[in-house]
Amino acid sequence: MISLSPISISEAARYMGVKGEPDTAVMELLERAERLVRESVRPMFVYRETAAEAVEDGIKLSCMSRHLTGEDIKKHLQGCNRAVIFAVTLSAEADKLIRQSAVGNMAFSLAVDCICSAAVEQVCNKAEEEIFSASDIPYRTWRFSPGYGDLPLDLQGDLLTALNAQRRIGLTATANSLLIPSKSVTALIGISDTPIKRGAKGCAVCNMRESCAYRLAGGCGKQR
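Below you will find a few notes about this structure. As the structure is a prediction and not an experimental result, all values here were calculated from the model. (Residues numbered from 1 in each chain as written. Predicted model: local features only at pLDDT ≥ 70, side-chain atom pairs only at ≥ 80, totals over all residues. Heavy atoms only, no water.)

1. Here's the deal with the packing of aromatic side chains
- Summed over the entire model, instances satisfying the criterion amount to four aromatic pairs.
- Note on Phe 45 and Tyr 47: the rings are 6.2 Å apart at their centroids and 20° apart in plane angle, and the pair reads as stacked.
- Under the relative-accessibility criterion, Phe 45 is labelled buried at 15%.
- An aromatic cluster is built from Trp 142, Phe 144 and Tyr 148, whose rings are joined through pairwise contacts.
- Here the guanidinium or amino end of Arg 32 rests over the ring plane of Phe 108, the centre of that ring lying 4.0 Å away.
- Stacked on the ring of Phe 132, the Lys or Arg Arg 140 has its end atom at 4.2 Å from the ring centre. (Phe/Tyr/Trp six-rings, centres within 6.5 Å; stacked < 30°, edge-to-face > 60°. Buried < 20%, exposed > 50% of the residue type's maximum accessible area, 1.4 Å probe, protein only. Lys NZ or Arg CZ within 6 Å of the ring centre and 35° of its normal.)

Pasting the structure below:
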């Protein structure tokens, strides 16, 4: 389990579509939501290191029978002979908070939702730091998730199976490849013994870049 540090209010405000500094009313909502989320959720993660090999139709991970397909993941893992797959979740408590707060105050529910999204980003960063602080890994890529670029979203279930995530942290995927609990992320990071070229990230390779309301509103294009 991971302990949350103070969650970024400014990042949550951007998820809400706020431009510039939040006004007093929005700031009060976000600060109240931040306290509630940190007191309630139970962030967890699981990971697994696996061999990675470029094959004709994509990338083969030794822990999965299904290959990773798409040009973006091939570029992302170019030069990598290993990878770490991992999953993080804020737990079912996050979904419960969002539902409960929606009953009496939709604005507060939105604030809770956006604070949870910012919290997931923090948990991903902390999980990555913990994973690699215990390993002698000289070179690695940034995180890449199913649904990003042309990597199929329906790989979610395969990654969860390889991680045994349902038993270990209670994380599953629906038939439509949506994660449950919803405030969760799966991702992989390439590993190499030699320097690797870091390709484009964020909006540059996102399939939703032309219609993303967050990007059009001025939000940053970093990968989660």
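2. Observations regarding the pairing of strand S3 (residues 82-89)
- Along S3, seven of the eight residues are buried, which leaves the element largely enclosed by surrounding structure.
- Relative to S3, strand S1 (residues 44-55) runs antiparallel, the two sharing eight bridges. Of the residues in S3, the one forming a bridge with Phe 45 is Val 88.
- Inspection of the sheet shows S3 paired to strand S7 (residues 184-192) by eight bridges, in the antiparallel sense. Across the sheet, residue Ile 85 finds its bridge partner in S7, namely Leu 188. (Helix = DSSP H or I, 4+ residues; strand = E, 2+ residues; numbered from the N terminus. Pairing = 2+ DSSP bridges.)

3. Some points on helix H2 (residues 24-40)
- Under the 1.5 Å per step criterion, the end-to-end length of H2 is 24 Å for 17 residues, consistent within 8% with the ideal 24 Å.
- On its buried side, H2 packs onto helix H1 (9-15), helix H4 (92-104) and helix H5 (106-133). (Expected span 1.5 Å × (residues − 1). Contact = heavy atoms within 4.5 Å.)

4. Observations concerning the pairing of S1
- As judged from the four bridges shared by S1 and strand S2 (residues 58-61), these two strands associate in the antiparallel manner. Counterpart to Ala 52 in the pairing with S2 is Leu 61.
- In textbook terms, the turn of a hairpin is the stretch between consecutive antiparallel strands, and for S1 and S2 this stretch comprises two residues.

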